[in-house]
Amino acid sequence: MYKIQSSKLLKEVMGGYFLGMKDTNKKYAWCTSVGPAELLRSFGFEVHFPENHGALLGATRTAGDFIPESAELGYNNDICSYLTSDIGSYLKKQTPLQDHYGLNGPPKPDIIVYNTNQCREVQDWFTYFAKEINCPIVGITPPRHVDEVTEAHINDVSSQFKSMIPACEKASGNKFDLDKFKDTIRLSKEATELWKKVLLTAKHSPSPISFFDATIHMGPIVVLRGTLIAKDYYAALLKELEGNAANKVGFLQEEKSRIYWDGMPIWGKLRPLSDLFIQNNSAVVASTYCNSWIFDAFDVEHPFESSAKAYTEIFINRSEMAKEKILANLIEEFRIDGMIFHDAKTCANNSNSRFGMPQRITEKMGIPTLVIEGDLCDLRFYSEGQTITKIETFLEQIESSKVLS
Ligand code: SF4
């Protein structure tokens, strides 16, 4: 059975990250997953990402225990289940971090930082904690849903980055150091370039990495970008995957179809979904989600401006027109036969099927698309039987149309 050997190293890397949070002498920042992690690290903060905790609650299928706690505070069941499960976990004083790493919960923050480049939900979520824990909070609110990022956008957002500095200095006790910021950007850039190459190995047939593997191996680029640890991890992973690709070793011997996954992962169902595609000899080789941590724009010589560009041009923050273009390119690049859109009930921001995108992709690219309903964490919105039937029928249709063509 195909196995990515670097998984062992990944476990050590992620374990080291979480166990490091036991150190109460460090300064901690909480940050959104596509927030200004590099700037925070340059002040010496260790960075905790509440969305990562939300994903952990989803993957361990404990989110359902916590979501009702937030509902009692008035958080609707239809809003982000990362938010509702994370706040619920805090209220219930329970977390899978306890079983896995002996942590009673995420580390107490010295500062909380968000960027609404992905959604407004993070602002509400982080503001709740800032009030609850009595912690300073700063936010970046970039222009949303842009076609292309312009100079005016960059000026706006980079000045918002700069205006965070006094709060970071106060919370960290350290003066801003431009060289340290540049160093962190350099490490982040090197890690993100390696991560991109990791994802690009899936252009090979057979592919050495699936979307489901990538959702696990993306851990360091989310939580450790800006560190040497992340860079070294992706160098090792890339070496292994390139070796496998050169030897024509992949997770499937024969790929009967190559699929693109759009939208959020269904964290609590990664394994059964991965098995389902493998049983049908179908390779899910590319995704919007895992690509979201590729930041091409980082430039060491222009750390503020390039951070502003990198974090404003992310897929989720683009117009429908720009998204369509990006998807069309990826479909060609990865030789995609069909596209699955996950319509996540509690995340409209990362569900791209609601404004006619599947139909437009079929028309423009000539490939079939399928919409499945589900959610990132709240499995009450996911019907397993119905989804399996839909996916199997979809894959059969792709296969028969390939035989006929
Ligand atoms: S993008 Fe979606 S899943 Fe992520 S924090 Fe915002 S609402 Fe939640």
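What you are looking at is a predicted structure, and each value in this text was computed from that prediction instead of being measured.

Caption draft 1: Quick look at the overall build of the chain. Helices and strands together make up the secondary structure of the chain, namely 19 helices and eight strands. For 405 residues, the compact-globule estimate of 2.2 N^0.38 gives 22 Å, and the C-alpha radius of gyration of the chain, at 21 Å, lies within 12% of that figure. Each principal axis of the C-alpha atoms in the chain carries an extent, and together these give about 65 × 50 × 40 Å. Taking all 405 residues of the chain together, 47% fall into the buried category. When contacts within the chain are restricted to residue pairs at least 6 apart in sequence, long-range pairs at least 24 apart make up 77% of them.

Caption draft 2: The arrangement of the site of the ligand in detail. Near the ligand, the surroundings consist of Glu51, Cys80, Tyr82, Leu83, Gln118, Cys119, Glu121, Val122, Cys347, Asn349, Asn350 and Leu376. Broken down by secondary-structure element, the contributors of at least two residues to the shell around the ligand are α5 (81-92) and α7 (121-133). Among the domains, domain 1 (21-180) and domain 2 (191-404) are the pair contributing at least three residues each to the shell around the ligand.

Caption draft 3: Local environment of the sheet that holds strand β6 (residues 282-287). What the four strands build is an open sheet, ordered β6-β5-β7-β8; its pairing is parallel. The open sheet has two edge strands with one neighbour each: β6 and β8 (369-374). Pairs of neighbouring strands in the sheet enclose a mean axial angle of 30°, with direction left out of account. Pairing of strand β7 (residues 338-344) with β8 involves six bridges; the strand directions are parallel. In the strand pairing of β8, Met339 is matched with Thr369.

Caption draft 4: Quick look at the domain arrangement of the chain. Per the domain assignment, the segments making up the chain are domain 1 (21-180) and domain 2 (191-404). The C-alpha-based centres of domain 1 and domain 2 are spaced at 24 Å. Contacts between domain 1 and domain 2 engage 41 residues on the former and 32 residues on the latter. Within the residue set of the side of domain 1 that touches domain 2, elements represented by two or more residues are α2 (37-42), α3 (50-59), α4 (63-72), α5 and α8 (151-163). Here the side of domain 1 that touches domain 2 is composed, by residue class, of 20 nonpolar, 13 polar and eight charged.

Caption draft 5: Quick look at helix α17 (residues 320-333). Its 14 residues give α17 an end-to-end C-alpha distance of 20 Å, which sits within 8% of 20 Å, the value for a rise of 1.5 Å per residue. For α17, the full list of buried residues reads Leu327, Leu330 and Ile331. Buried positions in α17, seen along its axis, are confined to an arc of 100° and lie on one side of it. Set apart from the buried face of α17 by more than 90 degrees, the exposed residues are Met321, Asn329, Glu332 and Glu333. Of the surrounding secondary structure, the elements contacted by the buried residues of α17 are β5 (257-262), β6, β7 and α18 (357-365). Residue Arg335 follows α17 closely and has a positive phi angle near 50°.

Caption draft 6: Local environment of α5. Taking 1.5 Å of rise per residue, 12 residues should cover 16 Å, and α5 covers 16 Å from first to last C-alpha, within 8% of that figure. Extensive coverage of α5 is indicated by the burial of 10 of its 12 residues. Taken residue by residue, α5 has Ser81, Tyr82, Leu83, Thr84, Ser85, Asp86, Ile87, Gly88, Ser89 and Tyr90 as its buried positions. Looking at the buried residues of α5, the elements they touch are α3, α4 and α7. Following α5 by one or two positions, Lys93 has its phi on the positive side, about 55°.

Caption draft 7: Expanded view of the pairing of β8. Because side chains alternate across β8, one face comprises the buried residues Leu370, Ile372 and Gly374, and the other comprises Thr369, Val371 and Glu373, none of which is buried. A crossover links β7 with its parallel partner β8, the connecting element being α18, and its sense is right-handed.

Caption draft 8: Geometry of the environment of Phe277. Note that Phe277 resides in helix α14 (residues 270-279). In this structure the C-alpha to C-alpha distance between Phe277 and Leu395, which are 118 residues apart in sequence, comes to 8.7 Å.

Caption draft 9: Expanded view of the sheet that holds strand β4 (residues 137-140). Taken together, four strands build an open sheet; the order of strands is β2-β1-β3-β4 and the sheet is parallel. A strand with exactly one partner marks an edge of an open sheet, and here the two such strands are β2 (46-48) and β4. On average, each strand axis in the sheet is inclined to that of its neighbour by 25°, with strand direction left out of account. The sheet contact formed by strand β1 (residues 28-31) and strand β3 (residues 111-115) spans three bridges and is parallel. Among the inter-strand pairings, Trp30 is bridged to a residue of β3, identified as Ile112. Of the strands in this sheet, β1, β3 and β4 touch α7, which is tilted by about 170° from β3.

Caption draft 10: How the structure looks around the packing of α4 against α5. Remark: α4 packs on α5, axes separated minimally by 7 Å, with the N-to-C direction vectors making an angle of 85°. Relative to α5, the element α4 lies roughly perpendicular. Two secondary-structure elements touch here, α4 through Ala63, Phe66, Ile67, Pro68, Glu69 and Ser70 and α5 through Ser81, Thr84, Ser85, Ile87, Gly88, Ser89, Leu91 and Lys92. Per-class residue counts for the contact of α4 with α5 are six nonpolar, six polar and two charged.

Caption draft 11: View of the nonpolar core. If you look at the biggest cluster of nonpolar residues, it comprises 106 residues, and the most contacted ones within it are Ala29, Leu40, Val113, Val198, Tyr234, Ile259 and Tyr260. For this core, the leading source of residues is helix α10 (residues 178-200), giving eight residues. Split by domain, the residues of this core number at least three in each of domain 1 (21-180) and domain 2 (191-404). Ignoring sequence-local partners within four residues, the contact set of Tyr234 consists of Ala191, Leu194, Trp195 and Val198.

Reading the values: rules and limits
Residues numbered from 1 in each chain as written. Predicted model: local features only at pLDDT ≥ 70, side-chain atom pairs only at ≥ 80, totals over all residues. Helix = DSSP H or I, 4+ residues; strand = E, 2+ residues; numbered from the N terminus. Rg over C-alpha atoms; globule rule 2.2 N^0.38 Å. Buried ≥ 20, exposed ≤ 12 C-beta atoms within 10 Å, placed from the backbone. Contact = placed C-beta atoms within 7 Å. Near = placed C-beta within 6 Å. Domains from an automatic or database assignment. Pairing = 2+ DSSP bridges. Axes fitted to C-alpha atoms, helices over the stretch in contact; angles between N-to-C directions. Nonpolar A, V, L, I, M, F, W, Y, C, P; charged D, E, K, R; others polar. Expected span 1.5 Å × (residues − 1). Arc of directions from axis to C-beta. Right-handed = clockwise from strand over helix to strand, strands pointing away. Parallel < 35°, antiparallel > 145°, perpendicular 65-115°, else oblique. Core = buried A, V, L, I, M, F, W, Y, C linked by C-beta atoms within 7 Å.

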